[in-house]
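Here's the letter readout for the chains.
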Amino acid sequence: MNMTNILVEQDGAIVTVTINRPKALNALNKETLEEMHHSFSALGKDRSVQAVIVTGSGEKAFVAGADISYMQSLDAAAGKVFGELGHKVMATVENLPQPVIAAINGFALGGGCELALACDIRLASVNAKFGQPEVNLGVIPGFGGTQRLPRLVGKGLANEILFGGGMIDAEEACRIGLVNRVVPQDTLLDECRILASKICSRGPLAIRLCKEAVNNGMEMDLKRACAYEKDLFALCFASEDQKEGMAAFLEKRTPNFQNK
Ligand code: DAK
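Calculation notes
- Along each chain, residues carry numbers from 1 onward, in the same order as the chain's sequence is written.
- Residues qualify for local features only when their pLDDT is at least 70, as the model is predicted, and side-chain atom pairs are given and counted only at 80 or more; totals for whole chains, interfaces and linings, by contrast, use all residues.
- Heavy atoms throughout the structure, all of them, feed into the side-chain values; hydrogens and water do not.
- In this text, helices come from DSSP runs of H or I with a minimum length of four residues, and strands from runs of E with a minimum of two, each type numbered from the N-terminal end.
- Only the C-alpha atoms count toward the radius of gyration. The rule for a globule is 2.2 Å times the residue count to the power 0.38.
- Only protein chains enter the area calculation, which uses a 1.4 Å probe; residues under 20% of their type maximum are buried, those over 50% are exposed, and those in between are partly exposed.
- Should any heavy atoms of two residues lie within 4.5 Å, those residues are counted as being in contact.
- Accessible surface is estimated by sampling points in the Shrake-Rupley manner with a 1.4 Å probe; for residues, cover comes only from the protein chains shown.
- Positive charges come from Lys and Arg, negative ones from Asp and Glu, while His and the chain ends are left out of the count.
- Charged groups are reduced to one reference atom each: NZ for lysine, CZ for arginine, CG for aspartic acid, CD for glutamic acid.
- In this text, near means that some heavy atom of the residue lies within 4 Å of the molecule or strand in question.
- Pairing of N or O atoms within 3.5 Å defines a polar contact, subject to two protein rules: one partner must be a possible hydrogen donor and the other a possible acceptor, and residues neighboring in sequence count only if both atoms are side-chain atoms.
- When residue character is reported, Ala, Val, Leu, Ile, Met, Phe, Trp, Tyr, Cys and Pro are called nonpolar, Asp, Glu, Lys and Arg charged, and the others, Gly included, polar.
- In this scheme, strands are said to pair when DSSP sees at least two bridges between them.
- Only the contacting stretch of a helix is used when fitting its axis, a line to C-alpha atoms as for every element, and angles between N-to-C directions run 0 to 180 degrees.

Peer 1: Break down the overall build of the protein for me, citing the residues and quoting the values.
Peer 2: On a plain count of helices and strands, the protein comes out with eleven helices and ten strands. The C-alpha atoms of the protein give a radius of gyration of 19 Å, which matches the 18 Å a tight globule of 260 residues would have. Summarising its shape, the C-alpha atoms of the protein cover approximately 60 × 40 × 35 Å along the three principal directions. Within the protein, the proportion of its 260 residues that are buried is 43%. Put simply, 69% of the contacts in the protein that link residues at least 6 apart link residues at least 24 apart. Carbon and sulfur atoms make up 57% of the accessible area of the protein, which amounts to about 13400 Å² in all. Side chains of the protein carry 27 positive and 30 negative charges; the gap between the two charge centres is 4 Å.

Peer 1: Can you explain the site of the ligand? Please cite residues and give values.
Peer 2: Lining the immediate environment of the ligand, one finds 25 residues, of which Lys 60, Ala 64, Ala 66, Gly 79 and Gly 111 sit closest. One of the backbone nitrogen or oxygen atoms of Lys 23 is found 3.3 Å away from an oxygen atom of the ligand. Residue Gly 111 places a main-chain N or O atom 2.8 Å away from an oxygen atom belonging to the ligand. In isolation the ligand exposes 1100 Å². Once the protein is present, 62% of that is buried. Within the residue set of the shell around the ligand, elements represented by two or more residues are helix 2 (68-71), helix 3 (76-94) and strand 6 (107-109). Looking at the shell around the ligand, its residues break down into 15 nonpolar, six polar and four charged.

Peer 1: Give a description of the environment of Ser 69 that names residues and reports values.
Peer 2: Looking at the element boundaries, Ser 69 is found in helix 2. In this structure the C-alpha to C-alpha distance between Ser 69 and Ala 24, which are 45 residues apart in sequence, comes to 9.8 Å. Of note is the side chain of Ser 69, whose polar atom sits 2.8 Å from the side chain of Asp 67.

Peer 1: Please provide a residue-by-residue account of the sheet that holds strand 6, values included.
Peer 2: The strand order across the open sheet formed by four strands is 4-6-8-9, and the pairing between neighbours is mixed. Sheet topology places strand 4 (61-63) and strand 9 (168-169) at the edges, where each strand pairs with a single neighbour. Where strand 4 lies against strand 6, two bridges are found, and the strand directions are parallel. Each residue of the ladder has a partner; that of Ala 61, found in strand 6, is Phe 107. Sitting on the sheet, helix 4 (residues 111-118) is in contact with strand 4, strand 6 and strand 8 (129-131), with an inclination near 75 degrees to strand 4.

See the structure below:
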């Protein structure tokens, strides 16, 4: 696929995906979403990739939302197709076998906030701004915001953001648990890479199963979720990584995980 709206760069086991439409503040149009879907699907199958960072091009925006000029003339049928595409992308990010870190470097509005919500971990630069301004445009969030935001920050705070249509700054986003931490703008990507490298040094199979346990377990009641965790825990003992990790500990050396 010819990529004109996103950049995909690999450095060792870490891939950085940059939404690259800075003139439109990285707004998500159909082509961008299609490129994202294609790229994330391929990354999910690539065993050389152990962590993914998602960010926006330029210094101003992570993603300022779904593309309003694209959406303006959509009818209900086309809106449904666009919404399905957006949901498909967010689900691909959320269910990617590898951890995905959002490096939120500016405006994360509408579909941009929803993209951040689909990631596993969110770090924000001090200038980042968050919001779900869809109600200002006469629509509701269409890429999962009404569902993932309340699950992350709680219903009351989510409702204030969703109904109010305003923005909150990075500190407030951190206070309510929408982002993990706030860092200076010029160190955001480095901080994300340090975190990604730390994750890459751990057992890759274990990381993948941890993500599955958290994501799938949170959709279950606690009893089923704990039973599910028990099964995934048992599965670890069928792996070479478990043998290597425990042997390395007992032999007081660094483990050499093979992702097997
Ligand atoms: N879409 C298209 N273009 C955008 C954009 C967006 N979301 N955000 C910014 N731009 C463009 C601006 O039009 C401008 O283009 P030019 O005029 O230079 O050609 C350029 O980016 C720079 O923006 P500004 O000149 O406005 O920059 P400022 O610093 O003055 O303001 C801002 C920055 C982020 C506060 C402002 O641009 C802004 O308010 N942008 C819109 C934010 C927004 O409303 N985002 C949410 C979009 S709606 C669905 C249902 C809903 C949705 C999807 C699907 N289904 C049911 C299917 C909706 C999702 C959304 O995300």
